[in-house]
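# Structural overview
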Amino acid sequence: MEEYPLELAITPPREYEVYFVPVPKELLEDSYKSDDFVVFVGPQHGGSGHMRLIVRVKGDFIVEVIPDPGYVHRSMEKLAETKLYIQNIPLFERPSIIDFGNYNLGYVRAIENALDIEVPERAKYIRTLLAELGRIGTHLYDAGILAVFIGHTTGFMWPFAVREFITEIFARITGTRVTGSFIIPGGVRRDVDEKTLSAIKRMTYAMEHRLKKFERIFIKNPNTIARLKGVGVLTKEEAAKFGVVGPFVRACGIEYDVRAIEPYEAYDEIDWEVVVGTEGDSYTRFLVRVEEINQSLNMIRQLVDNMPEGEVISNDIFSFDKKDIRGSFFEAYADLVLPEGEYTTLTEAARGTLLYTIVSDGESTMPYRVRIITPGWMYLRGFMEACKGHRLADLQAIYGSFGYFPPEADR
Amino acid sequence: MFEELMSIFMGDSVNIPLIQPIVDTLMGIPLINLIVAFILWRPIFHILVIPGLLGITIILLWIVYWERKLTARVQWRVGPKEVARRAGGVIQTLADGIRYFFQEVIAHRDAHKLYFIQFPLISFLPVLLPLLFIPAGSVWGIRTIYALPIALALISLIPVFILGMGWASNNKFAYIGTVREAFIYFAYEIPFIISVIAMTVIYETADFFEIVAKQSIIPGVFINPIAFIVFLITLLIATSRLPFDIPEADQEIAFGPYVEYSGILFGLVMTLPYEKLYLLSLISVILFFGGWNGPAIPILGDLAPALWLFIKAFIFMSIVSLTRSIYGRYRIDQTLKMGWSKIMALSIIGLILSAGVAIW
C-alpha cells in the first residue's frame with residue numbers, strides 16, 4: 001500500500017514538552033507526521049510497572065519500544081560506599097527482596113573470596129536451600145504477574161497463594177517473610193532445626209500438588225497458549241547478541257547457567273539439570289521457569305535429605321556459638337577490612353546472572369566501590385527487541401514472559 | 001381528567017393477588033390512588049418494576065457482587081465481606097455506588113466536554129428502549145410481531161455510544177479502545193444475528209409470545225444447540241466479558257474508552273456492559289430456555305411469569321460470570337479471526353440445522 005504523508009502544520013501535543021521524555025523531539029515529530037502513533041505506557045499504567053515504555057505503533061504493530069527506566073533507582077552502588085561491609089548485606093538484597101538468598105550469596109561470596117574464608121558444609125547447604133526457595137518464590141511471583149498481564153486473574157491469585165508456602169518457610173528459617181539478610185561472611189546467621197527441615201520437605205509435596213492445579217487452569221489453558229505461543233521470539237543469535245541472561249537465554253536454546261558452569265556452594269553435590277528450551281518465544285520462557293520450579297523442588301528435597309551435621313559459622317570468624325552468631329556479631333564483623341584488590345562473583349539469581357564486584361583499597365572498613373549488575377538490566381535490551389513487530393496487546397504478554405522487575409533493574 | 005386517567009390506568013392494570021389488600025387500601029386515598037394506578041398500569045409496571053428499572057437495579061447490585069464473590073471463591077480468597085459482614089457483604093455494590101456518587105467528576109481539559117458528560121447519561125436510551133419490546137409474560141410494554149428485530153436493533157446501538165465516549169475522551173488509550181470496540185462490533189454482530197435468525201426460522205415467528213408458547217414442551221436450546229453456542233460466545237464478546245475483554249483491557253489500554261471517566265460517570269459507564277448483558281440474557285432465556293414458562297403461582301397472578309423470566313435471566317447471568325475466573329484475554333486479531341471464520345461458520349451451520357428442523 002502506498003503511503004501519503006500528511007503535510008500539516010505540526011504542533012506536538014503538550015505532553016511532549018511538559019513531561020521529561022528521554023527521546024529526541026524529531027522522533028516524536030516524525031512519528032506524528034507519519035502514520036505512527038506514539039503511546040506512553042507508564043509510569044502510572046496498569047501494565048507498565050515502575051517504568052515508562054515509549055511505544056511507537058504502526059496500526060496495531062509495534063515499530064519500536066524505548067524504555068525509560070530509573071523510576072525506582074536508589075543509587076545502591078553509591079550508598080554502599082558509605083556503609084560497612086556487613087551493613088551492605090541488607091542493602092544489596094533490596095533489588096529483589098523476594099529473592100534475597102541469591103542476592104546475599106553473591107555479595108557474601110565476594111567478601112569470602114577476598115578473605116579466604118572456608119564455609120562449613122552445613123552452612124553451604126542452608127545457603128543453597130535459601131537460594132532455591134527464593135528462586136521458586138520469584139518464579140511464582142513472575143508467573144502471577146504474567147497471568148494478570150494477559151487478563152487471567154485466577155492465574156494471578158493462585159501462584160501468590162502458593163508462594164505463601166515459601167514465605168512461611170522463610171519466616172521459620174530467618175524470622176522474616178522477605179529480606180532475610182540471613183547469609184553472612186563465613187556461614188549463616190543461625191542453624192536450621194530438624195523440625196523446620198522436615199516442614200520444608202513436606203511443603204515441597206504440598207506445593208507440587210497445587211502446581212498441578214495451576215497447570216490445569218493456567219499453564220495448559222488454550223487461551224494462555226494462544227496468547228504466548230510465537231509471541232516475542234528471540235533467536236539464539238539475537239539472545240546472545242543482546243546479552244539476555246538467566247531462564248530467558250536458556251529458553252532460546254543456549255545452555256548457560258552459572259550454577260552448572262562455575263558451581264558454588266552445594267550445587268555440585270546434588271543432582272539437577274539445566275532446563276533449556278528451543279523456541280525462544282514467550283511461552284517457552286514461561287515453561288522454562290515452570291520446569292525450573294520443579295527442578296528446584298527436587299533440589300530442595302535432596303538438600304534436606306543430605307544436610308550434613310556440624311557448625312554453620314566458619315572457624316575463621318570469631319563467634320561464641322558456632323551455631324548462632326547472635327551476641328558476637330559486632331566483634332566478628334565491625335572491623336572487617338578486605339585486602340586491596342578487586343573481587344568479582346557470578347551468581348545465578350532467579351531471573352539470571354548476577355554480578356558483584358567489590359573494589360577495596362585495603363585500609364577502609366567500607367568498600368571503595370561496589371559494582372552490581374542485575375539480570376533485569378541485562379535482559380532489558382532483549383525485552384525491547386522482542387517486542388518489535390508484534391501487536392500492541394502483546395507488549396504486556398512479552399513483559400510478563402520476561403518477568404521484568406524494575407526495582408531489580410534500576411538498583 | 002382524573003377520572004379519565006384512572007379509567008385508562010385501571011383498564012389495563014397488573015393483577016397481583018398478593019398485594020391486592022394493600023392496593024385496595026391505597027386506592028381509597030385521593031391522589032395516591034392515581035400514583036398507584038399509574039405504577040400498576042401494565043406498560044409502566046413493565047418499564048418501572050419488572051423487568052424494567054427495578055429489575056435492572058437488582059440485577060446490577062447482585063451481579064457485580066456475585067461476580068466478585070464467585071471469582072474470589074475460585075481464587076482461594078474471601079471476596080467482598082466488610083460491608084454488611086453478617087450478610088456476607090451483599091451490599092458491597094451499593095456502597096461502591098455511593099462512593100462513586102460522591103466522588104468528583106473530572107472532565108479534563110482536552111475532552112469534548114458536552115459529549116463527554118452527555119454520552120454516559122444518554123447511553124441509557126438503548127438500554128431502556130429495547131426493554132419496552134421484551135415482554136415478561138403477562139407484563140409487556142409494546143406488543144408487536146416485530147419485537148425481536150426491533151429489540152436487537154436497539155441493543156446494537158450501544159457500541160455507538162461507547163464509540164462516542166471514546167471519541168469525546170480525546171485520549172490515546174481511549175482512541176485505541178474505541179477502535180478495538182469498532183472492530184469487535186463487526187466481528188460478533190453478524191454471527192449473533194444469524195444465530196437469532198436460526199431460532200426465528202425454527203419458531204417461524206419473531207413475536208416473543210409465540211416463541212415462548214412454542215417452547216412449552218422442548219426449550220429451544222435442545223432443538224438447536226449450535227445456535228445457542230454461537231449466541232453464548234457472541235454474547236461474551238458483545239458484553240466485553242473475559243476472554244473477550246478486549247476494548248477495555250485494563251492491563252493493556254487501561255479501560256479503553258472509559259479511561260478518562262471518574263466519579264458517578266464512571267459508575268454509569270461501568271454498568272453499561274452489565275445492562276447489555278441483562279438485556280441479552282433476557283433475550284437468550286426467551287429464545288433458548290422457554291422464556292417465562294414455569295410452574296404457575298396463583299398468589300402472584302400476573303407477576304409470576306415475569307418473575308420466572310427474571311429468575312432464569314438471573315441464573316443465566318450468574319453462570320456466565322464464571323468465565324472471568326477461567327480464561328485470560330484473547331488478542332484482538334485472534335478474536336476477529338475467530339469471529340469471521342469459526343463462529344461465522346458455526347452460525348451458518350446452526351442456520352442450516354434450523355432450516356432442516358423447520359422443513360421436517
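This is a predicted model, so every value here is computed, not measured. (Residues numbered from 1 in each chain as written. Chains lettered and ligands numbered in written order. Predicted model: local features only at pLDDT ≥ 70, side-chain atom pairs only at ≥ 80, totals over all residues.)

### Structural notes on the overall build of chain B
Assigned secondary structure in chain B consists of 18 helices and zero strands. In terms of overall size, chain B behaves like a compact globule, its C-alpha atoms giving a radius of gyration of 22 Å where 360 residues would be expected to give roughly 21 Å. Sorting the 360 residues of chain B into buried and exposed places 44% on the buried side. Taking the contacts inside chain B whose residues are at least 6 apart along the sequence as the reference set, 79% of them involve residues at least 24 apart. (Helix = DSSP H or I, 4+ residues; strand = E, 2+ residues; numbered from the N terminus. Rg over C-alpha atoms; globule rule 2.2 N^0.38 Å. Buried ≥ 20, exposed ≤ 12 C-beta atoms within 10 Å, placed from the backbone. Contact = placed C-beta atoms within 7 Å.)

### Thoughts on the overall build of chain A
Counting secondary structure elements, chain A contains 17 helices and eight strands. Relative to the compact-globule value of 22 Å for 411 residues, chain A shows a C-alpha radius of gyration of 23 Å, a close match. By its C-alpha atoms, chain A is 80 × 50 × 35 Å across when sized along the principal axes. The buried share of chain A, reckoned over its 411 residues, is 48%. Long-range contacts, defined here as pairs at least 24 residues apart, represent 69% of the contacts in chain A between residues at least 6 apart.

### Observations concerning the UniProt feature "domain: NADH-quinone oxidoreductase subunit D" (unreviewed entry) in chain A
Feature annotation in UniProt assigns "domain: NADH-quinone oxidoreductase subunit D" (unreviewed entry) to the following positions: residues 150-411 of chain A. Along residues 150-411 of chain A, the helical share is 48% and the strand share 10%, with 27 Å between the first and last C-alpha atoms. (UniProt positions renumbered as here; feature names shortened; annotations may be inferred.)

### Digging into the domain arrangement of chain B
Residues and elements named next belong to chain B. For chain B, the assigned domains read domain 1 (2-40) and domain 2 (110-359). The C-alpha-based centres of domain 1 and domain 2 are spaced at 35 Å. Opposite the five residues of domain 1 that make contact, domain 2 presents six residues. Among the residues making up the side of domain 1 that touches domain 2, the classes are represented as four nonpolar, one polar and no charged. (Domains from an automatic or database assignment. Nonpolar A, V, L, I, M, F, W, Y, C, P; charged D, E, K, R; others polar.)

### What to know about the pairing of strand β8 (residues 369-373) of chain A
Residue and element names in this part refer to chain A. With burial as the criterion, only one face of β8 is covered, namely that bearing Val 370 and Ile 372; the residues Arg 369, Arg 371 and Ile 373 on the opposite face remain uncovered. Both strand β7 (residues 352-360) and β8 contribute to a ladder of five bridges, which runs antiparallel. Pairing of Ile 358 across the sheet is with Val 370, part of β8. (Pairing = 2+ DSSP bridges.)

### Regarding the interface of chain B and chain A
Interface size is commonly expressed as the accessible surface area that is lost when the partners come together. The partner chain A presents 25 residues to the 23 residues of chain B that form the contact. Of all the secondary-structure elements, those providing two or more residues to the side of chain B that touches chain A are α5 (53-74), α15 (250-253) and α18 (332-359) of chain B. Of the residues belonging to the side of chain B that touches chain A, the class tally is nine nonpolar, six polar and eight charged.

### Observations concerning the sheet that holds strand β3 (residues 61-68) of chain A
All names here are of chain A. Spatially, β1-β2-β3 is the arrangement adopted by the three strands of the open sheet, whose pairing is antiparallel. With partners counted over all chains shown, the strands left at the sheet margins are β1 (37-41) and β3, one partner each. Direction aside, the axes of adjacent strands within the sheet are offset by 20° on average. Sheet topology places β1 next to strand β2 (residues 52-58); five bridges connect them, and they run antiparallel. In the sheet register, Val 38 faces β2, and the bridge partner there is Arg 56. (Axes fitted to C-alpha atoms, helices over the stretch in contact; angles between N-to-C directions.)

### Remarks on the sheet that holds β7(A)
All names here are of chain A. The antiparallel open sheet is built from three strands, whose spatial order is β6-β7-β8. At either margin of the open sheet sits one strand with a lone partner, and together these are β6 (341-349) and β8. Direction aside, neighbouring strands of the sheet carry axes that sit 10° apart on average. Across the sheet, helix α15 (residues 375-387) lies against β6, β7 and β8, angled at about 130° from β7, the strand it touches most.

### Points about α5(B)
Helical geometry note: an α-helix holds 3.6 residues per turn, so side chains three or four residues apart project in the same direction. Between its first and last C-alpha, α5(B) extends 31 Å over 22 residues, near the 32 Å set by a 1.5 Å rise per residue. Among all positions of α5(B), only Gly55(B), Ile56(B), Ile59(B), Ile63(B), Val64(B), Tyr65(B), Glu67(B), Lys69(B) and Thr71(B) are buried. On the buried face of α5(B), the contacting elements are α7 (153-174) of chain A together with α6 (92-102), α16 (263-288) and α17 (303-320) of chain B. (Expected span 1.5 Å × (residues − 1).)

### Focus on the environment of Asp35(A)
In this structure, Asp35(A) sits in the loop between α2 (25-33) and β1. Sequence separation between Asp35(A) and Val337(A) is 302 residues, and the spatial gap between their C-alpha atoms is 61 Å.

### Let's talk about the nonpolar core
Ile398(A), Leu282(B), Ala306(B), Leu309(B), Ala313(B) and Met317(B) are the most contacted members of the largest nonpolar core, which has 208 residues in total. A domain-level breakdown of this core finds at least three residues from each of domain 1 (2-40) and domain 2 (110-359) of chain B. The residues touching Ala313(B), leaving out its near neighbours within four places in the chain, are Tyr278(B), Ser281(B), Leu282(B) and Val285(B). (Core = buried A, V, L, I, M, F, W, Y, C linked by C-beta atoms within 7 Å.)

### Considerations on the packing of helix α7 (residues 113-122) of chain B against helix α10 (residues 158-169) of chain B
All names here are of chain B. For the pair α7 and α10, interaxial distance at closest approach is 8 Å and the crossing angle is 155°. In this view, α7 runs roughly antiparallel relative to α10, as classed from their interaxial angle. Crossing hand, α7 versus α10: left-handed. Here α7 contributes Tyr 115, Phe 116, Phe 119 and Pro 120 to the contact with α10, which in turn contributes Phe 161, Gly 164, Met 165, Ala 168 and Ser 169. (Parallel < 35°, antiparallel > 145°, perpendicular 65-115°, else oblique. Left-handed = near helix turned anticlockwise from the far one by under 90°.)

### Considerations on the pairing of β2(A)
Residues and elements named next belong to chain A. By the bridge criterion, seven bridges tie β2 to β3 in an arrangement that is antiparallel. Counted as the bridge partner of Leu 53 is Pro 67 from β3. Connecting β2 to the antiparallel partner β3 that follows it, the hairpin turn spans two residues, and Gly 59 within it adopts a positive phi of roughly 65°.

### Some remarks on the packing of α15(A) against helix α16 (residues 394-402) of chain A
All names here are of chain A. Axis separation between α15 and α16 bottoms out at 10 Å; the angle between their running directions is 150°. Classified by the angle their axes make, α15 and α16 are roughly antiparallel. Relative to α16, α15 is oriented so that their crossing is right-handed. Contacts between α15 and α16 involve Tyr 379, Phe 383, Ala 386 and Cys 387 on the former and, on the latter, Leu 395, Ile 398 and Phe 402.

### Focus on the confidence of the model for chain B
Residue and element names in this part refer to chain B. Here chain B averages 84 in pLDDT, and 100% of its residues register 70 or above. The weakest mean pLDDT in chain B belongs to helix α1 (residues 2-11) at 75; the strongest belongs to helix α14 (residues 225-238) at 89. Taken over the whole predicted complex, pTM reads 0.86, whereas the ipTM for its chain interfaces reads 0.82. (pLDDT = per-residue confidence, 0-100.)

### Focus: the environment of Pro120(B)
All names here are of chain B. Of note, Pro 120 is situated in helix α7. For Pro 120, a count of 24 C-beta atoms within 10 Å translates into the label buried. Between the C-alpha atom of Pro 120 and that of Asp 207, which follows or precedes it by 87 residues, the distance is 31 Å. Residue contacts for Pro 120: discarding those within four places in its chain leaves Met 165, Tyr 261, Leu 265, Leu 268 and Val 269.

### Focus on unusual backbone geometry
A cis amide bond links Leu242(B) to the next residue, Pro243(B), at an omega of 5°. Summarising the element assignment, Pro243(B) is placed in the loop between α14 and α15. A positive phi angle is found at Ser75(A), which is not glycine, with a value near 50°. With respect to the helices, strands and loops of the structure, Ser75(A) is situated in the loop between β3 and α3 (76-80). One non-glycine residue with positive phi stands out, namely Ser240(B), at about 55°. Tracing the backbone shows Ser240(B) in the loop between α14 and α15.

### Details of the environment of Ala147(B)
Residues and elements named next belong to chain B. Relative to the helices and strands, Ala 147 resides in helix α9 (residues 147-155). A tally of 23 C-beta atoms within 10 Å means that Ala 147 is categorised as buried. Sequence-distant contacts of Ala 147, that is, excluding residues within four places in its chain, are made with Phe 133, Ala 206, Asp 207 and Phe 208.

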